[in-house]
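Structure assessment
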Amino acid sequence: MERRRLLQRLAALGGAGAVAGCLETIPGSGDDDADDGESTGTPTGYPTATPTQEPTPAVASETIETERTDCMTGEQGSSVSFGTDRVVVDGKIRSPDPCHEATLETVEYDPDTDRLTVGVGVEAAGADACEACLGVVEYRAEVGFDGTLPGHVTVAHVGADGESTTVTEASR
């Protein structure tokens, strides 16, 4: 009989011991002060998310191609499109005659304003004979980037006198 009572008490104590493990503090429950009296409020053993900052745009490449030249009809201007790793500028710039080609005068990225400035000019193509009319040069400029793309783009046409005229401003 004594033996039965002893076994019952041991079974009761063993069950309490099994439940005791379930009553420990759960990480992140806010009851961390069971260890040292201080609560950090941060779960232990879990990774914390840290905000990542986008890389700063950096010019990796720049090209310009003359697509067509002709006598001037219509207006000069340009359009900007944003690719995955490049900015593309398609435009028309006035020239003294149709025997000129497009040049990149300026490609600058300003990180303070997150602005890319593209300056397009023209230079003589070296033709022997040229039609006598005010010309237009159609061009495509591409500026490749490492990192992200700039938020803003300004396109300016640069005249023979060095004067620059903004023809397009775009934002992505």
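As the structure is a computational prediction, the values presented were derived from the model and not from experiment. (Residues numbered from 1 in each chain as written. Predicted model: local features only at pLDDT ≥ 70, side-chain atom pairs only at ≥ 80, totals over all residues. Heavy atoms only, no water.)

**Quick look at the sheet that holds strand β8 (residues 164-171)**
Hydrogen bonds along the backbone pair up the strands of a sheet, which may run parallel or antiparallel. Formally: Two strands are counted as paired when DSSP detects at least two bridges linking them. By definition, any uninterrupted DSSP run of H or I lasting at least four residues is a helix, any uninterrupted run of E lasting at least two residues is a strand, and each is numbered from the N terminus. Working convention: axes come from line fits to C-alpha atoms, limited for helices to the stretch in contact. Angles between N-to-C directions cover 0 to 180 degrees.
Sheet architecture is open: 4 strands sit in the order β4-β5-β7-β8, paired in mixed fashion. Edge strands, defined here as strands with exactly one partner in the open sheet, are β4 (100-110) and β8. The average angle at which neighbouring strand axes cross in this sheet is 20 degrees, direction not considered. Judged from the 6 bridges that link them, strand β5 (residues 115-124) and strand β7 (residues 152-158) form a sheet pairing that is parallel. Across the sheet, Thr117 pairs through a bridge with Thr154, a residue of β7.

**So, the pairing of strand β3 (residues 86-95)**
Pairing analysis gives 6 bridges linking strand β2 (residues 77-82) to β3, with the strands arranged antiparallel. Bridge assignment links Phe82 to a residue of β3, and that residue is Val87. Count of turn residues in the β2/β3 antiparallel hairpin: 3 residues. As paired elements, β3 and strand β6 (residues 135-146) share 10 bridges and run antiparallel to each other. For Arg86, the partnering residue across the bridge sits in β6 and is Gly144.

**Notes on the state of the cysteines**
Which entries qualify depends on this criterion: Any two cysteine sulfur atoms lying within 2.5 Å of each other are counted as a disulfide.
Counted according to the given criterion, the structure contains 2 disulfides. The disulfide partner of Cys71 is Cys133, and the gap between their sulfur atoms is 1.9 Å. Residues Cys71 and Cys133 are joined by a disulfide whose S-S torsion is about -85 degrees; by sign, that bridge is left-handed. Of the two residues, Cys71 sits in strand β1 (residues 58-71) while Cys133 sits in the loop between β5 and β6, which places them 62 residues apart along the sequence.

**Let's talk about the nonpolar core**
Buried together is how nonpolar side chains tend to be arranged in soluble globular proteins. This is how it is decided: In this text, buried Ala, Val, Leu, Ile, Met, Phe, Trp, Tyr and Cys residues form a nonpolar core when linked through side-chain atoms within 4.5 Å. Think of it in three bands: residues with accessible area under 20% of the maximum for their type are buried, residues over 50% are exposed, and the middle band is partly exposed, with areas taken using a 1.4 Å probe on protein chains only. Contacts are assigned to residue pairs that have any heavy atoms within 4.5 Å of one another.
Counting 18 residues, the largest nonpolar core has Val80, Val87, Leu116 and Tyr139 as the members making the most contacts within it. Those elements giving two or more residues to this core turn out to be β3, β4, β5, β6 and β7. Considering every element that reaches this core, the biggest residue donor is β6, with 5 residues. Residues in contact with Val80, not counting those within four places in the same chain, are Val87, Val88, Val89, Val153, Val155, Thr168 and Ala170.

**Topic: the environment of Gln76**
Our working rule: Side-chain atoms alone can form a polar contact between residues adjacent in sequence; in general such a contact is a pair of N or O atoms within 3.5 Å, and within protein one must be able to donate a hydrogen while the other accepts it.
Mapped onto the elements, Gln76 comes out in the loop between β1 and β2. Put simply, Gln76 and Val167 are 91 residues apart on the chain and 8.1 Å apart in space, counted from C-alpha to C-alpha. Here Gln76 is in contact with Lys92, Ile93, Arg94 and His157, once residues within four sequence places are set aside. Only 3.0 Å separates the side chain of Gln76 from the side chain of His157, close enough to count as a polar contact.

**Here we look at the side chain of Ser95**
For Ser95, the position within the fold is in strand β3. The contacts of Ser95, once residues within four sequence positions are left out, are His100, Val122, Leu134, Gly135, Val136 and Val137.

**What to know about the environment of Ala156**
With respect to the helices and strands, the residue Ala156 is situated in strand β7. Among the residues examined, Ala156 registers a relative accessible area of 6% and is labelled buried. A C-alpha to C-alpha distance of 4.1 Å links Ala156 and Thr166, two positions 10 residues apart in sequence.

**Points about unusual backbone geometry**
Not every positive phi belongs to a glycine, and Asp114 is a case in point at roughly 55 degrees. Inspection of the secondary structure assignment puts Asp114 in the loop between β4 and β5.

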